[in-house]
Amino acid sequence: MTHLTALAQASPSPVPAPGAGLFTSPFLLSILIWVPVIVAVGLAFMPNPRGRYDTLVKQIAFFTNLGVLGLLMIGYSQFENFLPTMQYEEKTAWLPSLGVTYHLGVDGPGIAMLVLSGLIGIVSVLASWGVRERVRSYFSLLLLAQASVTGAIVSRDMFVLVLFWGASIVPLALLIAGWGGPRRIAAAWRLVGYWGLGTAALVVGVLALYAASGGTSFDMDNLLKSSISTRVQLGIGAVMIVAAATRLPLFPLHGWVRDVLGEAPPGVVVIVAGAASRLGAFLLLRVLIGGEPAAAQLLSPVLAALAALTVGFGAVAALRTLDIRHAGAYLALIPGAITVLGLAAVSPLGIAGSVLSLFTGGVAAPLIACVCATVAERAQTRSIPVLGGLAPRMPNAAWLFVIAGLALLGVPLLASFAAEVMTFFGAFKTQPIGAFAVAAGLVLGAVALASLLGRVMFSAPNSNAPGVSDASPGETWYLGILAGALLWVGLFPGGPKIPGTEVPLFDPGLITQISAGISDMASPYALPTPGATQ
Amino acid sequence: MSYLALLPEALVVATALGVVAIGRLAWLAGSSRRYLPPAVALVLLIAFGVELWAGATLSTYFGGTLVQDRFALFVKAAALLIAAVSVASADWAAEDSLHLGIAMPLVAAFGVMVAASAADMLGLWAGLELAAASAVVLVSLRRPDLGLRLLIVGAVASSLVLVGLAFIYASTGNADLGAIRDVVLSRAPTIALAIPTLLLLAGLALRAGLAPFHVGPLPVGLGASPLGAGLVIGLVTVAAAIVGIKLVAALTPIPGVFAPYAYVLSALAMVGGGAAALAVRSPRPRMAYLAVAQLGWVVAGLATHYRSGVAASLFLLAAFGVAATCGPALLGRAEAGEPAIAGLGAVRPVRAAGLALAILSLAGAPPLAGFFGELAVGAALAQSGNFILLGLGLLGTVLCVAAAIGTLRVLYIQGPIEEARRGAAAALPAVTALSTAGAVVFSLVIAGYGLFGQPILGLADQGAEALGLR
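Residues numbered from 1 in each chain as written. Chains lettered and ligands numbered in written order. Predicted model: local features only at pLDDT ≥ 70, side-chain atom pairs only at ≥ 80, totals over all residues.

Chemist: Can you help me understand the overall build of chain B in this one?
Modeler: Of regular secondary structure, chain B possesses 23 helices and two strands. Residue burial in chain B is summarised as follows: out of 470 residues, 63% are buried. For chain B, long-range pairs separated by at least 24 residues make up 82% of all intrachain contacts whose partners lie at least 6 apart in sequence. (Helix = DSSP H or I, 4+ residues; strand = E, 2+ residues; numbered from the N terminus. Buried ≥ 20, exposed ≤ 12 C-beta atoms within 10 Å, placed from the backbone. Contact = placed C-beta atoms within 7 Å.)

Rendered as structure tokens:
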């Protein structure tokens, strides 16, 4: 417990991370956002007669993401976790009449989300390698969606946040409507409806905050530090919860998740279930927990209740459904609910756990949804009663399925273990009923997973089922990267050692990196130390 | 006193007259087809440059009848840009007359410019009627019945405006806007001033096609030629909105009495426009309803009656004017509805990109011009504490974005119909160097409006300040 608490605090000594000073750019975050946008526009107008350059288009998208990830890893390794302030900040007046600044920056939670976004970006391209139709448009939209998610993560101005938050809807809806499964149009409309509602709620919340703080600036540094009455904070907090609940999603605003994760192509599922939906919890962390402590304290039971309802609903729905992709979609609800439980704890340990679960959930949710999609694709049916005894015939997919299930449940050796332990240890102290309900929901989730694995993978083979093939190398690669990320953070948070040294490449590891800024954010919720002198 | 600031008006009028004259000369009309649109677009761009350069000097002309202030500068520059881009991006093969098709947008732009710099009620009315008359001419070329309908609707609107203006003149003893403002500010609001204000606002709402008054002019736009539709939905509406802004500022604090009614109108327009846009599938009606919804946002900003609200409305109005006027021009004939634009992204990529941006901007999708304008209005609404209207507006915007995505799906995801089945009603827009350049410029304006928006927003703010608002 003492060790866990220590993890949630900033490093006491300012030891520079390895690699610091090798690469410095005042525009690092802008590069991460705008390079994919420029490439996307270029791809959209690139001549591609009869799909002659389809492979080139895919390669351009891949190397763009690889470059972004490379830059991101340099930025990550140079991130100084002993500093509680924002890093890689960019601040330029944009629309001074409205108080809008182009203000970007990252702290510990931000860098965790950025790493997730970079990872998700490259995985989504790999998952989309099988796209054959309108390749140019597909990858152009994919890059735009990725850029908007990255932009929302690094925004330090509420106007900029709204802009990027809303900008992801159009490309994602078009990707689903254009390249999804049979019910793709309904799925796209549901995404637009729910995410549109969430964006509207976010705009109302942001403008209310803007008006309450004097109407002079949208900068988070001003908005989230202004003294606002508890009543106004509560109202703003409530609409922010609505905005977050549509994204994450949380029960009862989860209506899009079954159709979208069940119908979208795998590359889009990766983005939606990965980084894009984590933005909901990230918003709560930034605005509610970080900016409105009074409202956060008052609304924390609501958050805990929503988390419990979401986990319970996801587990029961996964148990009842007969469609494997729908089961994957419902199970993908669980990590988001764990994150929200950590926020509901309003304690330093719970908040640290929820930040780590932003990353682990952003990897585990697309993993389970995409494994289910791959199994359905390779088994040529989505019907669970038809599937059976697949493990011997698709060993790669079976392994990945098991890892995805274990990641959802948070078993040791996987990154989600540390996240869930921190979350539950934090939450049981302040929200015992909610934490118990979520834990009970997780048990139900384990039952649903065991039932699903048993029926699909380890039961007797169905002789009447269509032919089955194992996951292709491409599918194994992208799913393997997601599974590997969970193992990496779970087993070797520092990453491999730099050759010839004893220094881990990503030292001091994701868990320590994310702690930068958390202690500052969590300070209003820290309990007084027993026996401390006044 | 320099008359250089009036050079843009002079250029516009001379060009319009010249183009009509060329059209009347049979020996010149045929040979002018190729060079006339680019030449006119160039003249308009020169006028735009002159306006930005010389228009910054504050002055009055013709004994105070016209005034050149920041408000006039902002609106005149916007009108010139709208006219230039619409002439450049139009599909002239889909228009009924090249010469009148070029001349009428110029006349409409001139009408907007006159209204923007008018210092008295006569100038306002004249500018509005000029803009409206040009739309009647262009609509009548293709559909005389719709032209007649627009004329009758316009006559009703005009009579309401005129009666209102006459009452105001009778009540205040002045036609000059500044003098009216002084008189009104010195008295408490009276019913004698409130009634004409209501008539005025009703007439302007009818002229602008603001819901529920859109039932008058909107069907006209659906049957007109592409540019005719652009004038009805775009420039004429802008002219009515400009007159409304100037009168609202001059009649302070009377319009404040009607703020609740304006809020109701704007809520109807924002939500109703969005719902109607979602309900229809054909691209031109969808664009028209998106325009109605965005106009609701403009009115919401005006109804706040603060400088920040009016500045935000002006900022949005310019974005609205560009998208609503040029959008139908980019759409082209498209009489066959959705099939006409199916797969346009593959066969006409630049034009399709322009069309997509026009629709998304009218819908208020980020990060385009309409989004920035609507968020600016939203900030003004939040500052005035009107969160119910803000919520309704956002609901309308969500509906609009959903509708826009529907059209984008047709543009980019559906395959184009077979050439043999296309026919005249679904004919592809002709590709010329000018129309491609026009579409590119349009796209840059819509995409860059907010990203580089501070000078525009700053000018809009100065414009609102010039009207005397605080």
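Chemist: Just to check I follow, could you spell out the overall build of chain A for this structure?
Modeler: A tally of helices and strands in chain A yields 22 helices and two strands. When each of the 534 residues of chain A is scored for burial, the buried share is 61%. Sequence separation of 24 or more characterises 82% of the internal contacts of chain A that already satisfy a separation of 6 or more.

Chemist: Before we go on, may I ask you to explain helix α8 (residues 177-185) of chain B in this structure?
Modeler: Working note: α-helix, 3.6 residues per turn, so residues spaced by three or four point in the same direction. Turning to α8(B), its buried residues are Leu177(B), Ile180(B) and Val184(B). Take α8(B) and look down its axis: the buried residues cluster within an arc of 60 degrees, on one side only. (Arc of directions from axis to C-beta.)

Chemist: Help me out: how do you make sense of the interface of chain A and chain B in this one?
Modeler: Of the residues lining the interface, 30 residues belong to chain A; the matching set on chain B comes to 29 residues. Mapped onto the side of chain A that touches chain B, the elements with two or more residues apiece are β1 (87-95), α6 (158-167), α7 (169-179) and α8 (184-212) of chain A. Take the side of chain A that touches chain B: its biggest share by element is twelve residues, from α8(A). Taken together, the residues of the side of chain A that touches chain B break down into 23 nonpolar, seven polar and no charged. (Nonpolar A, V, L, I, M, F, W, Y, C, P; charged D, E, K, R; others polar.)

Chemist: Is there a simple way to explain the packing of helix α5 (residues 98-117) of chain B against helix α11 (residues 226-250) of chain B in this structure?
Modeler: Two quantities define a packed helix pair, namely the angle between the axes and the distance from one axis to the other. All names here are of chain B. Two elements in contact, α5 and α11, have axes whose closest approach is 9 Å; the angle formed by their N-to-C orientations is 10 degrees. In this view, α5 runs roughly parallel relative to α11, as classed from their interaxial angle. Note on element contacts: α11 touches α5 through Leu 227, Leu 231, Leu 235, Val 236, Val 238, Ala 239, Ile 242 and Val 243, opposite Gly 101, Met 104, Pro 105, Ala 108, Ala 109, Gly 111, Val 112, Ala 115 and Ala 116. (Axes fitted to C-alpha atoms, helices over the stretch in contact; angles between N-to-C directions. Parallel < 35°, antiparallel > 145°, perpendicular 65-115°, else oblique.)

Chemist: Whenever I open this one, the environment of Ala329(B) confuses me. Can you help?
Modeler: Counting through the fold element by element, Ala329(B) comes out in helix α15 (residues 307-331). When the C-alpha positions of Ala329(B) and Ala259(B) are compared, they lie 34 Å apart, and in sequence the two are 70 residues distant.

Chemist: I tried to follow the confidence of the model for chain B on my own but got confused; where do I start?
Modeler: Close inspection of predicted coordinates is inappropriate in any region flagged by low pLDDT. Scored by pLDDT, chain B comes out at a mean of 88, with 99% of its residues at no less than 70. Reported confidences for the modelled complex are a pTM of 0.89 and an ipTM of 0.87. (pLDDT = per-residue confidence, 0-100.)

Chemist: Where do I start with the pairing of strand β2 (residues 100-106) of chain A in this structure?
Modeler: Residue and element names in this part refer to chain A. By the criterion of burial, β2 is predominantly enclosed, with five of the seven residues buried. The pairing of β1 with β2 spans six bridges and is antiparallel. Each bridged residue has a counterpart across the sheet, and for Gln 87 the counterpart in β2 is Val 106. (Pairing = 2+ DSSP bridges.)

Chemist: Would you take a moment to explain the nonpolar core for this structure?
Modeler: A general tendency of soluble globular proteins is for nonpolar side chains to be buried together. Ala109(B), Val112(B) and Leu290(B) are the most contacted members of the largest nonpolar core, which totals 409 residues. When residues of this core are assigned to their parent elements, the largest contribution, 20 residues, is made by helix α16 (residues 348-379) of chain A. Apart from residues no more than four positions distant in its own chain, Ala109(B) is found in contact with Val12(B), Ala79(B), Leu80(B), Ile82(B), Ala83(B) and Leu235(B). (Core = buried A, V, L, I, M, F, W, Y, C linked by C-beta atoms within 7 Å.)

Chemist: Can you walk me through the environment of Gly391(B) in this structure?
Modeler: Tracing the chain through its elements places Gly391(B) in helix α20 (residues 387-412). The spacing of Gly391(B) and Gly373(B) is 18 residues in sequence and 16 Å in space, taken between C-alpha atoms.

Chemist: Just checking my understanding: could you explain α16(A) for this structure?
Modeler: All names here are of chain A. The end-to-end C-alpha separation of α16 is 45 Å, in line with the 46 Å expected for 32 residues at 1.5 Å each. Of all bends in α16, the biggest is about 30 degrees, found at Thr 360. The buried count for α16 comes to 31 of 32 residues, which makes it a mostly enclosed element. In the segment just after α16, Gln 380 is the residue with positive phi, at about 60 degrees. (Expected span 1.5 Å × (residues − 1). Bend = angle between axes of the 7 residues up to and from the residue.)

Chemist: Even after reading the chapter, I still don't get the packing of helix α5 (residues 135-154) of chain A against α6(A), so can you show me in this structure?
Modeler: All names here are of chain A. Contact geometry for α5 and α6: axes closest at 8 Å, N-to-C directions at 155 degrees. If you check the angle between α5 and α6, you find them roughly antiparallel. The handedness of the crossing between α5 and α6 is left-handed. Here α5 contributes Ser 148, Gly 151 and Ala 152 to the contact with α6, which in turn contributes Leu 161, Phe 164, Trp 165 and Ala 167. Grouping the amino acids of the contact of α5 with α6 by side-chain chemistry returns five nonpolar, two polar and no charged. (Left-handed = near helix turned anticlockwise from the far one by under 90°.)

Chemist: How should unusual backbone geometry be read in this particular structure?
Modeler: Note: most peptide bonds trans; most residues except glycine with negative phi. All names here are of chain A. Note the cis peptide between Leu 248 and Pro 249, where omega equals -5 degrees. Among the secondary structure elements, Pro 249 is positioned in the loop between α10 (230-247) and α11 (257-263). Here the bond from Phe 251 into Pro 252 is cis, since omega is 5 degrees, no more than 30 degrees from zero. With respect to the element layout, Pro 252 can be found in the loop between α10 and α11. Positive phi outside glycine occurs at Tyr 88, with the angle close to 55 degrees. Tracing the backbone shows Tyr 88 in strand β1. For Tyr 88, a count of 22 C-beta atoms within 10 Å corresponds to the buried category. Unusually for a residue other than glycine, Gln 380 sits at a positive phi of about 60 degrees. Secondary-structure assignment places Gln 380 in the loop between α16 and α17 (395-409).

Chemist: Please explain the environment of Phe110(B) as it appears in this structure.
Modeler: Structurally, Phe110(B) is set in helix α5. Take Phe110(B): there are 26 C-beta atoms within 10 Å of it, and that puts it in the buried class.

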